[in-house]
Amino acid sequence: MNQTISPLAGLFPNRADIPAEFAPGEPVFQREYLIGGELKCWQGELAPVLSPVCLRDENTNELTPYVLGATPLLDGTAALSALDAALKAYDLGRGEWPTLPVLERVLHVEKFLQAMLETRSEVIKLLMWEIGKNEADATKEFDRTCDYIRDTIHALKQQDRNAAHFIVEQGTIGKIRRVPVGVALCMGPFNYPLNETFTTLIPALIMGNTVIFKPAKYGVLLIQPLLQAFADSFPPGVINIIYGRGRETVGVLMESGNIDLFAFIGTNKGASDLKKLHPKPHRLRAVLGLDAKNPAIILPCCDLNATVKEAVSGALSFNGQRCTALKILFVHQSIADEFVQKLAQEVNTLKLAMPWQAGAQITPLPEPGKTAALTALLQDATAKGAQVMNQGGGEVAASLFKPAVLYPVTNGMRLYQEEQFGPLVPVVPFSDISEVIDYVIHSDFGQQLSIFGREAQQVGELVDIFANQVGRININSQCQRSPDSFPFTGRKDSAEGTLSVEDALLQFSIPTLVAAKQTDAQIALLKQMILKRSSGFLATDFLF
């Protein structure tokens, strides 16, 4: 019997509704994982991979998540095998990879990039089906990742050119090069499972470290098309790819004490828990991208219409599932009512659709239980005086959640402090800018903020106040990571270390100095080592 279905639920497709070019194909039950240059076959339990896209039964209208396949649930023994392979390849800094000349490491990365490009359509489709990213954003993520690899290669070449010469200071001749740190553990997030993962993985590799890579909990199957490319492009043990529950795999790696570099993008609690497992934390270098509660500060002097459009994009791009999303809007009370009215109207123009549909802006959420968690935040706010300002805001059907503008939000509500990481837009009216300053200063997070206004004096004063509070201040624009040449960092619980194309190379390496006294004998010795090419470190080759 055909059940009555809500308009929101009606957005989910029947199987016949899916265009052939976007159809996911047969489920992939992956058993392969990469250790020591070989694709191993896991004989144990698999973790099912369910798409946030539900299929609607033609007869009953029942919604069922599409099964994309499964990935290996490796155990601690398999994880330690990966560690053994990485340690062997690094060989206390004496292995082939850490001692390889920069140009040869670059050639390996370029080989991988060429192989990666051949998987473009497959990976883009999996981004759409695994995490609900619309076609345009999935395509952008893949292409931007390839650009990042190219930019990293260019930056490393320039770094090596700068290091080709000797320095003479106070009677001492020195040569400084950056060298690898050791074995790196790289873990990326589900919202950018390719791009953000590779912004740590590629620099770690190209600087000569050996790597254990564990894909995100969601967006994991899309790494499968790249396994062979990794295996073919790097020497055995340089890159090892494992799967499974973090508590059973990552925990034993950290407890071993043999992880030298920890690159993690996720929650600050998760990062802290894992770092505590390392027996010698002072020897662990961490590069972390963590939680954020980025505020927008909307002043009476702002361009209201332009600000509304930027706020909607900043708060709700990819369903608000970005660490850089605008997660709370502070609006001066003199313009708050008008702003909220325009904001609600703009939010309701967003197109809720499946990832492959043209113009899709709000798509199904990949995390199981996420719609219930968002509903709980919304109900907490409305129970304490906030209202849903846009028609239908907060409606739910399976994994779809219609964005909700909540106003007025106050400091007694969970949404005031908690990171929602989803399509809820809390708006806080303020009368005195000191209220907002106090919020930013005492927040546990310090990634970014946005200031919207046109009065130079007021905006300039706020820039100076917040420069020591967050990692980036955006003027009349949303928070964002790009361009990748800019530093990406944060304060407090939002980050550890800095990522940009050039900064990442520094994070995954350490400077080493060779020094000698500026005497005739020592100069002659250095010249002989250079002419005989007895030391790669001292080489003065200029890398083109």
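Refer to the preceding data block for the structure.
Note that this is a predicted model, so its numbers are computed, not measured.

Each value, and the rule that gives it
Residues numbered from 1 in each chain as written. Predicted model: local features only at pLDDT ≥ 70, side-chain atom pairs only at ≥ 80, totals over all residues. Heavy atoms only, no water. Pairing = 2+ DSSP bridges. Helix = DSSP H or I, 4+ residues; strand = E, 2+ residues; numbered from the N terminus. Contact = heavy atoms within 4.5 Å. Axes fitted to C-alpha atoms, helices over the stretch in contact; angles between N-to-C directions. Salt bridge = Lys/Arg side-chain N within 4 Å of Asp/Glu carboxyl O. Buried < 20%, exposed > 50% of the residue type's maximum accessible area, 1.4 Å probe, protein only. Patch = residues over 30% accessible without salt bridge, like charges linked within 9 Å, V, L, I, M, F, W, Y side chains within 5 Å. Areas by Shrake-Rupley, 256 points an atom, 1.4 Å probe, with all protein chains shown as cover. Disulfide = S-S within 2.5 Å. Phe/Tyr/Trp six-rings, centres within 6.5 Å; stacked < 30°, edge-to-face > 60°. Lys NZ or Arg CZ within 6 Å of the ring centre and 35° of its normal.

K.L.:
Even after reading the chapter, I still don't get the sheet that holds strand β19 (residues 424-430), so can you show me in this structure?
P.N.:
Two orientations exist for strands paired in a sheet by backbone hydrogen bonds: parallel and antiparallel. Taken in spatial order, the seven strands make up an open sheet running β15-β18-β19-β14-β13-β21-β22, and their pairing is mixed. In this open sheet, the two edge strands, each paired with only one partner strand, are β15 (387-388) and β22 (472-475). Where strand β18 (residues 404-407) lies against β19, three bridges are found, and the strand directions are parallel. Following the sheet pairing, Ala-404 is matched in β19 by Leu-424. Against the sheet, helix α10 (residues 304-316) touches β13 (294-298), β14 (326-332), β19 and β21 (448-452), its axis set at about 155° to β14. Running over the sheet, helix α12 (residues 370-383) touches β15, β18 and β19 and is turned about 25° from β18.

K.L.:
In this structure, what is going on with the pattern of salt bridges? I would like to understand it.
P.N.:
One side chain can pair with another of opposite charge once the charged atoms of both are near each other. The tally for this structure, following the rule as stated, stands at 19 salt bridges. Between Asp-484 and Arg-481 there is a salt bridge; the shortest N-O distance is 3.7 Å. The same class applies to Asp-484 and to Arg-481, which are both buried. One salt-bridge network, in which partners are shared between bridges, spans Arg-144, Glu-196, Arg-481 and Asp-484.

K.L.:
Honestly, a nonpolar patch on the surface in this entry has me stumped. Any pointers?
P.N.:
On the surface, a cluster of nonpolar side chains totalling about 280 Å² of accessible area is made up of Phe-29, Leu-50 and Val-67. Looking at the secondary structure, you find Phe-29 in strand β1 (residues 28-29).

K.L.:
When you look at the pairing of strand β7 (residues 172-180) in this model, what are you seeing that I'm missing?
P.N.:
The two faces of a sheet get side chains in turn, since along a regular strand they alternate between them. Pairing analysis gives three bridges linking strand β6 (residues 167-169) to β7, with the strands arranged antiparallel. Bridge pairing in β7 links Glu-169 to Thr-172. Linking β6 to β7, which pair antiparallel, is a turn of two residues; within it Gln-170 sits at a positive phi near 50°. One ladder, built from nine bridges, connects β7 with strand β25 (residues 509-517); its direction is antiparallel. In the sheet register, Arg-178 faces β25, and the bridge partner there is Pro-511.

K.L.:
Hey, could you run me through the state of the cysteines in this one?
P.N.:
Each disulfide consists of one covalent bond between the sulfur atoms belonging to two cysteines. Taken as a whole, this structure holds zero disulfides when the rule is applied. Sulfur of Cys-323: no disulfide; nearest cysteine sulfur belongs to Cys-479 and is 9.8 Å away.

K.L.:
Teacher, can you tell me more about the packing of aromatic side chains here?
P.N.:
Ring pairs (aromatic) are described by centroid distance and by the angle formed between their planes. Going through the model one piece at a time under the given rule, you end up with 16 aromatic pairs. Centre to centre, the rings of Phe-190 and Phe-421 are 5.9 Å apart; their planes meet at 70°, and the pair counts as edge-to-face. Taken as a pair, Phe-190 in the loop between β8 (183-187) and α6 (195-206) and Phe-421 in the loop between α13 (414-417) and β19 lie far apart in primary sequence, 231 residues in all. A relative accessible area of 12% places Phe-190 in the buried class. On the basis of relative accessibility, which here comes to 16%, the residue Phe-421 falls in the buried class. Summarising the aromatic geometry, the rings of Phe-542 and Phe-544 are spaced 5.1 Å apart at their centres and angled 65° between planes, so their arrangement reads as edge-to-face. Looking at Lys-133, its charged tip hangs above the ring of Tyr-192, at a distance of 3.7 Å from the centre.

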